[in-house]
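This is what each chain is made of:
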Amino acid sequence: MKVAVIQFPGSNSDQDAVNGVRVIGHQANLLWHKEESVGNADAVIVPGGFSYGDYLRCGAIARFSPVMQAVKKFAAEGGPILGICNGFQVLCEAALLPGALVRNRSLQFRSEHVYLKTIARDTPFTGGVDEGRLLRVPIAHGEGCYFADEEALAEIKANNQILWQYVDQDGNARDDANPNGSLENIAGICNKERNVAGLMPHPERACEEIIGSADGRAILESMANWLESKNQASAA
Amino acid sequence: MKAKITITPKKAVLDPQGKAVQNALEHMGYAGVSEVHVGRYLEIEVDGEREAVEKQIDEACHKLLSNPVIEEYRFELE
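Model, not experiment: these values are computed from the prediction. (Residues numbered from 1 in each chain as written. Chains lettered and ligands numbered in written order. Predicted model: local features only at pLDDT ≥ 70, side-chain atom pairs only at ≥ 80, totals over all residues.)

A. Spatial organisation of the overall build of chain A. Regarding its fold elements, chain A presents five helices and 11 strands. The C-alpha atoms of chain A give 16 Å as radius of gyration, which agrees with the globular expectation for 236 residues (18 Å, within 12%). Taken along its principal axes, the extent of the C-alpha atoms in chain A is 45 × 40 × 40 Å. Relative to its 236 residues, chain A shows a buried fraction of 55%. Long-range contacts, defined as pairs at least 24 residues apart, comprise 76% of the intrachain contacts of chain A with a sequence gap of at least 6. (Helix = DSSP H or I, 4+ residues; strand = E, 2+ residues; numbered from the N terminus. Rg over C-alpha atoms; globule rule 2.2 N^0.38 Å. Buried ≥ 20, exposed ≤ 12 C-beta atoms within 10 Å, placed from the backbone. Contact = placed C-beta atoms within 7 Å.)

B. View of the environment of Gly78(A). Topologically, Gly78(A) is positioned in the loop between helix H2 (66-76) and strand E4 (81-84). Distance from Gly78(A) to Val196(A), taken between C-alpha atoms, is 8.4 Å for residues 118 residues apart in sequence.

C. Spatial organisation of the pairing of strand E2 (residues 27-32) of chain A. Here six bridges tie strand E1 (residues 2-7) of chain A to E2(A), and the two strands are oriented parallel to one another. Opposite Lys2(A), over in E2(A), you have Gln27(A) as the bridge partner. (Pairing = 2+ DSSP bridges.)

D. Here's a closer look at H2(A). All names here are of chain A. Along H2, the residues classified as buried are Val67, Met68, Ala70, Val71, Phe74 and Ala75. Buried residues of H2 fall within an arc of 155 degrees about the axis and therefore sit on the same side. Buried residues in H2 make contact with E1, E2, strand E3 (43-46), E4 and strand E11 (196-199). (Arc of directions from axis to C-beta.)

E. Local environment of the sheet that holds strand E9 (residues 162-167) of chain A. All names here are of chain A. Taken in spatial order, the nine strands of this open sheet run E2-E1-E3-E4-E11-E10-E9-E6-E7, and their pairing is mixed. Strands at the two margins of the open sheet, each flanked by one partner only, are E2 and strand E7 (134-141). On average, adjacent strands in this sheet sit at an angle of 25 degrees to one another, irrespective of strand direction. Both E4 and E11 contribute to a ladder of four bridges, which runs parallel. Looking across to E11, one finds that glycine 83 is bridged to glycine 198. (Axes fitted to C-alpha atoms, helices over the stretch in contact; angles between N-to-C directions.)

Structure below.
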């Protein structure tokens, strides 16, 4: 797969995302925020960081950059898009995903490893995660508390849009396993069409054992596998 | 003219900042503080007809300056 990793002024996990894709044996290139097309990429990652200094609100200004108009078009065409951390915030601000991310309940910036339970496995981002497998991946954020109003949350649940939940090491979505106060321990969700997803944890920073975990590979590999089977289907 | 815009978190949204400020006020001995909400305040200088400016600012508040999912806004022109 060829992944375009968006680069905003203030992105800081862009190189990690490129590295994550490359270590699983695929191609990744940076795409500057002033570009007006995603080119020939077949997947897009909106990476973590502090785009535009997090001014006003996290992700609020990035949403209006030229490249985001191209990302919206790519989304409408069904292309897979993964927003990580600040990228998740950007996709929510751009209304490509429902809800919003607000200040952590603890008011602390949390930088630690968490366990993720994969809830819906019928998406480009989760299809390759073995059933029952917990992913141990890092988080690093101050504003990752997922919020949606009652009506939106009911819809998210009815459509099985919750992709990952924060859990303890036994897989229970307990309150003390919730690092930021997210509703329903939500760590990541997808859109109704299931081709756009966002999560606060960093799978791309967990692609090599030498840095503590390689569990994040499962998410990036899911995307690659999904694209491959899609290409095979269209060739057949 | 000047638009004075106040943006506050919606009641349903967890406001840990407000809670922390409230706790600090209580520790300082200010009695009777029952609720604190921390928001944002913006001042924007704009030229134009009052009605057109009002429409413009309202749209800007909705599209960029606030996030309607989590925030409410109000503004006055002077």
